[in-house]
Amino acid sequence: MGRYVIIFLLATLITIVLGLALPELTIFIFGPGEYLIPILLSLFACFIITQLFYIIGLLKKKS
């Protein structure tokens, strides 16, 4: 289970770093404050990807 927590935390860290760094570069194009929704969607995607890894691991153990 610890492996999946690490996968989730690394994906979350990468999402937050990119989500906060990239809008600073494009703030003149999109305007300030319009990057909260993409960060939240990315966090949700990280959770789903981690759950998929967990399910794949369960299926490998079962067979």
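The residue count restarts for each chain, going from 1 along the sequence in the order it is written. In view of the model being predicted, local features appear only for residues whose pLDDT reaches at least 70, and side-chain atom pairs are presented and counted only at 80 or more, with totals across whole chains, interfaces and linings using the full set of residues. Neither water nor hydrogens contribute to the side-chain values; these are computed over all heavy atoms in the structure.

1. Describing the overall build of the protein
Next, step 1: Helix and strand assignments follow DSSP, with helices taken as H or I runs no shorter than four residues and strands as E runs no shorter than two, numbered in order from the N terminus. Scanning the protein for helices and strands turns up three helices and zero strands.
Next, step 2: In sequence order, the protein lays out its α and β elements as α-α-α.
Next, step 3: Partly exposed describes any residue whose relative accessible area lies between the buried limit of under 20% and the exposed limit of over 50%, with all areas from a 1.4 Å probe on protein chains only and scaled to the type maximum. Burial statistics for the protein: of 63 residues in total, 14% are counted as buried.
Next, step 4: Here, Shrake-Rupley sampling with a 1.4 Å probe gives the accessible areas, and only protein chains in the shown set may cover a residue. A total of about 5300 Å² of accessible surface is found on the protein, and carbon and sulfur atoms cover 80% of it.

2. A short note on helix 3 (residues 36-62)
Next, step 1: By definition here, a helix of n residues has an expected span of 1.5 Å times n minus one. Taking 1.5 Å of rise per residue, 27 residues should cover 39 Å, and helix 3 covers 39 Å from first to last C-alpha, within 8% of that figure.
Next, step 2: The complete set of buried residues in helix 3 reads Ile39, Cys46, Thr50 and Gly57.

3. Concerning the confidence of the model for the protein
Next, step 1: Per-residue confidence for the protein gives a mean pLDDT of 80; residues scoring 70 or more make up 79%.
Next, step 2: No element of the protein has a lower mean pLDDT than helix 2 (residues 27-30), at 60, and none a higher one than helix 3, at 86. Every residue carries a pLDDT, the predictor's confidence in it, which falls somewhere between 0 and 100.

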